[in-house]
Amino acid sequence: MDVLFDSPVVRLRQPGKILPTQASYEILDDKRNRLAFATETDRRTRLQMLKATLPTAPPPGARILTVTGTDDQAILLLTRHPNGRLAEVHRPDGGPVGRIRATGTTRHYKLTDDQEQVVATAVGELSLKHFQVTAASGARIAHVSKTWAGPVKEWLTPSDHYKIEFNRDISEPARTLTVMLAIMLDLSLFGPM
């Protein structure tokens, strides 16, 4: 797993569906080769999706995504808790990789390892489209950006694209948690309900 996202640039792309019934993300390297695919385990009906967009809708429940490698074997599980402020990343055997927790507002996140030690923090601009990720030492290690997905996807679908640029070699679990941060941001801020 320490070489899974070992590319200087990692991209996330969502398939363009007008009313998706489950979240899914294609994870690519800087040459747009597929590294992994993340898919929500529970599929919702279109009626549930429409109800979720109403202002009186209750907050969505926990969302679980399975991240599979190029061989279609599960390599990670991402669980975003119902309040949208905490996500846990586990290996398929249940072993923890770390957590992503919103602190204060949805602009500030702490990435912690399986021992609850902070390995990185992420702070977003007011637009919530650009996040700087810094190591516990204070060194800038990555930049996460919500990028333009094209006019059709942007105007007709909730599909988004993200780009993660790593500034330096960083060890695990900070690299994996930074990539999973982009998925959590989409699920919490921009993605389909």
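Structure first, text after, so check above.
Nothing here was measured: the structure is a model prediction, and the numbers come from that model.

A. Broad picture of the pattern of salt bridges. Tallied over the entire structure, the rule returns six salt bridges. Close ionic contact of Arg63 with Glu40 constitutes a salt bridge, the shortest N to O distance being 2.8 Å. Of the two residues, Arg63 sits in strand β4 (residues 63-69) while Glu40 sits in strand β3 (residues 34-40), which places them 23 residues apart along the sequence. Exposure remark for Glu40: the relative accessible area of 3% places this residue in the buried category. Salt bridges sharing partners connect three or more residues here, namely Glu88, Arg99 and Glu116.

B. Just the nonpolar core, in detail. Counting residues in hydrophobic clusters, the biggest one holds 45 residues, and the most contacted among them are Phe5, Leu12, Ile27, Ile100, Tyr109, Met180 and Ile183. The contacts of Tyr109, once residues within four sequence positions are left out, are Ile100, Arg101, Ala102, Thr103, Ala120, Thr121, Ala122, Phe131, Leu181, Met184, Leu185 and Leu189.

C. Representation of the packing of aromatic side chains in the model. For the structure shown, the criterion picks out one aromatic pair. The cationic tip of Arg175 hangs over the ring face of Phe166; the distance from NZ or CZ to the ring centre is 4.0 Å.

D. Seen up close, the pairing of strand β10 (residues 130-135). What you see with β10 is a clean split: Phe131, Val133 and Ala135 sit on the buried side and His130, Gln132 and Thr134 on the side with no burial. Note that strand β9 (residues 118-124) and β10 share five bridges and pair antiparallel. Across the sheet, residue Ala120 finds its bridge partner in β10, namely Ala135. The antiparallel hairpin formed by β9 and β10 contains five residues in its connecting segment, where Leu128 sits at a positive phi of about 60°. As paired elements, β10 and strand β11 (residues 140-147) share five bridges and run antiparallel to each other. When the bridges of β11 are listed, Thr134 appears paired with Arg140. The antiparallel pairing of β10 with β11 creates a hairpin that spans four residues between the two strands, and Gly138 there sits at a positive phi of about 100°.

E. Expanded view of helix α3 (residues 174-190). Across its 17 residues, α3 extends 23 Å between first and last C-alpha, which sits within 8% of the 24 Å expected from 1.5 Å per residue. In terms of burial, α3 is largely enclosed, as 14 of its 17 residues are buried.

F. A look at the sheet that holds strand β12 (residues 161-166). What the 12 strands build is a closed barrel, ordered β1-β2-β3-β4-β5-β6-β7-β8-β9-β10-β11-β12; its pairing is antiparallel. Put simply, the sheet's adjacent strands are angled 20° from each other on average, direction ignored. Bridge count between strand β5 (residues 74-80) and strand β6 (residues 86-90): four bridges; the pairing is antiparallel. Of the residues in β6, the one forming a bridge with Leu77 is His90. Against the sheet, α3 contacts β1 (9-13), β2 (24-28), β3, β4, β5, β6, β7 (96-102), β8 (108-113), β9, β10, β11 and β12, and its axis sits at roughly 155° relative to β12.

So, how was this worked out
- Think of each chain on its own: its residues are numbered from 1, step by step along the sequence as written.
- Only residues with pLDDT of at least 70 are given local features in this predicted model, and only at 80 or more are side-chain atom pairs given and counted; all residues enter the totals for whole chains, interfaces and linings.
- With hydrogens and water set aside, each side-chain value is computed from the structure's full complement of heavy atoms.
- A pair is scored as a salt bridge if a Lys or Arg side-chain nitrogen falls within 4 Å of a carboxyl oxygen belonging to Asp or Glu.
- Helix and strand definitions follow DSSP, with helices as H or I runs of at least four residues and strands as E runs of at least two, each counted in order from the N terminus.
- For each residue, the accessible area found with a 1.4 Å probe, counting protein chains only, is set against the maximum for its type, and the residue is called buried under 20%, exposed over 50%, and partly exposed in between.
- In plain words, nonpolar cores are sets of buried Ala, Val, Leu, Ile, Met, Phe, Trp, Tyr and Cys residues tied together by side-chain atoms within 4.5 Å.
- Whether two residues touch is decided by their heavy atoms; if any such pair falls within 4.5 Å, the residues are in contact.
- When two rings of Phe, Tyr or Trp (its six-membered ring) have centres within 6.5 Å they constitute a pair, described as stacked for plane angles under 30 degrees, edge-to-face for angles over 60, and tilted for the intermediate range.
- Only Lys NZ and Arg CZ are tested; either one counts as a charge over a ring when it is within 6 Å of the ring centre and within 35 degrees of the ring normal.
- At least two bridges found by DSSP between two strands is the condition for calling them paired.
- Residue count minus one, scaled by 1.5 Å, sets the expected span of a helix.
- Orientation is described by lines fitted to C-alpha atoms, with helices fitted over the stretch in contact, and by angles between N-to-C directions that extend from 0 to 180 degrees.

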